[in-house]
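Here are the chains, one letter per residue:
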Amino acid sequence: MKGTVFIPPIHGAHRWFVISDAVGGEVLTVNITDAENEDSTCILLEGEHVSVTKPSAVRYRSAKLWKVQDLQASLGQCHVFQQLCPPAILQRMVQGFLESEHFAEEYLKFLQ
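Residues numbered from 1 in each chain as written. Predicted model: local features only at pLDDT ≥ 70, side-chain atom pairs only at ≥ 80, totals over all residues. Heavy atoms only, no water.

**With respect to the pairing of strand S5 (residues 56-67)**
Inclusion rule: Note on pairing: DSSP must find at least two bridges between two strands before they are called paired. Only DSSP runs of H or I with at least four residues qualify as helices, and only runs of E with at least two residues qualify as strands; both kinds are numbered from the N terminus onward.
Sheet topology places strand S3 (residues 26-34) next to S5; eight bridges connect them, and they run antiparallel. Within S5, the residue paired with Val27 across the bridge is Trp66.

**Comments concerning the pattern of salt bridges**
Here is the rule we go by: For this document, the term salt bridge refers to a Lys or Arg side-chain nitrogen within 4 Å of an Asp or Glu carboxyl oxygen. Exposure is judged per residue with a 1.4 Å probe applied to protein chains only, and the accessible area is read against the type maximum: over 50% gives exposed, under 20% gives buried, and values in between give partly exposed.
Under the counting rule described, the total for this entry stands at three salt bridges. Taking the shortest distance from any N to any O, the salt bridge between Lys54 and Asp34 comes out at 2.8 Å. Residue Lys54 is located in the loop between strand S4 (43-44) and S5, and its partner Asp34 is located in strand S3; the two are separated by 20 residues in the primary sequence. Overall, the relative accessible area of 40% leaves Lys54 in the partly exposed class. Of the charged contacts in the structure, one is a salt bridge between Glu48 and Arg92, with a shortest N-O distance of 2.5 Å. In this pair, Glu48 sits in the loop between S4 and S5 while Arg92 sits in helix H2 (residues 87-99), placing the two residues 44 residues apart along the sequence.

**A word on the environment of Trp16**
As for its position among the elements, Trp16 is in strand S2 (residues 15-18). With 47 residues separating them along the chain, Trp16 and Ala63 place their C-alpha atoms 9.3 Å apart.

**Observations regarding the nonpolar core**
To keep things clear, this is the line we draw: The set of buried Ala, Val, Leu, Ile, Met, Phe, Trp, Tyr and Cys residues whose side-chain atoms join them within 4.5 Å is what this entry labels a nonpolar core. Residue contacts are counted whenever heavy atoms from the two residues lie within 4.5 Å of one another.
Counting 23 residues, the largest nonpolar core has Phe17, Ile19, Leu28, Leu44, Met93 and Phe97 as the members making the most contacts within it. The set of elements that each furnish at least two residues to this core consists of strand S1 (5-7), S3, S5, H2 and helix H3 (108-111). Sequence-distant contacts of Phe97, that is, excluding residues within four places in its chain, are made with Ile19, Leu28, Val30, Thr41, Tyr60, Ala63, His102, Phe103, Tyr107 and Leu111. Among the nonpolar cores identified, the runner-up in size contains nine residues, and Phe6, Trp66, Leu75 and Cys78 belong to it.

**What to know about the sheet that holds S4**
Stated precisely, the cut-off is as follows: For every element, the axis is a line fit to its C-alpha atoms; helices are fit only across the contacting stretch, and the angle between N-to-C directions ranges from 0 to 180 degrees.
Strand order in this open sheet of six strands is S4-S5-S3-S2-S1-S6, and the pairing throughout is antiparallel. On the outer flanks of this sheet lie S4 and strand S6 (79-80), each paired with one strand and no other. The sheet contact formed by S4 and S5 spans two bridges and is antiparallel. When the bridges of S5 are listed, Ile43 appears paired with Ala57. Against the sheet, H2 engages S2, S3, S4 and S5, with an angle of about 90° to S5.

**Overview of the packing of aromatic side chains**
The line we're drawing: Side-chain rings of Phe, Tyr and Trp, where Trp is taken by its six-membered ring, are said to pair if the distance between their centres is within 6.5 Å; with planes under 30 degrees apart they count as stacked, over 60 as edge-to-face, and otherwise as tilted. We count a charge as sitting over a ring when the NZ of a lysine or the CZ of an arginine lies within 6 Å of the ring centre and within 35 degrees of the ring normal.
Enumeration according to the criterion identifies four aromatic pairs in this entry. Ring geometry for Phe97 versus Phe103: centroids 6.2 Å apart, planes at 90°, classification edge-to-face. By the ring-pair criterion, three or more aromatic residues cluster together here, those being Tyr60, Phe97, Phe103 and Tyr107. Stacked on the ring of Trp66, the Lys or Arg Lys64 has its end atom at 4.0 Å from the ring centre.

What follows is the structure in structure tokens.
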């Protein structure tokens, strides 16, 4: 599940990335938004993943924990990208989260 990239219908055009392995039956997800609209510790450039069509910032303040079974059930209603997010980009996202002002201790176990 780690590396999955999806667009949930309820969140408009934002792309969501699963950035952790499951811990206690949950995974950590973050979304990306226009780089010009967000001050972020991680910027993705167009083409770094097929889902990134313009400079984008990881929006850590919107991080969400999902129960694995709930996410798996929801993915059938989402646009899911066939290409997983490469490990190097996931690592940048994790490192950016650790450096972000929006980091919370509850997420630490998902980022190790």
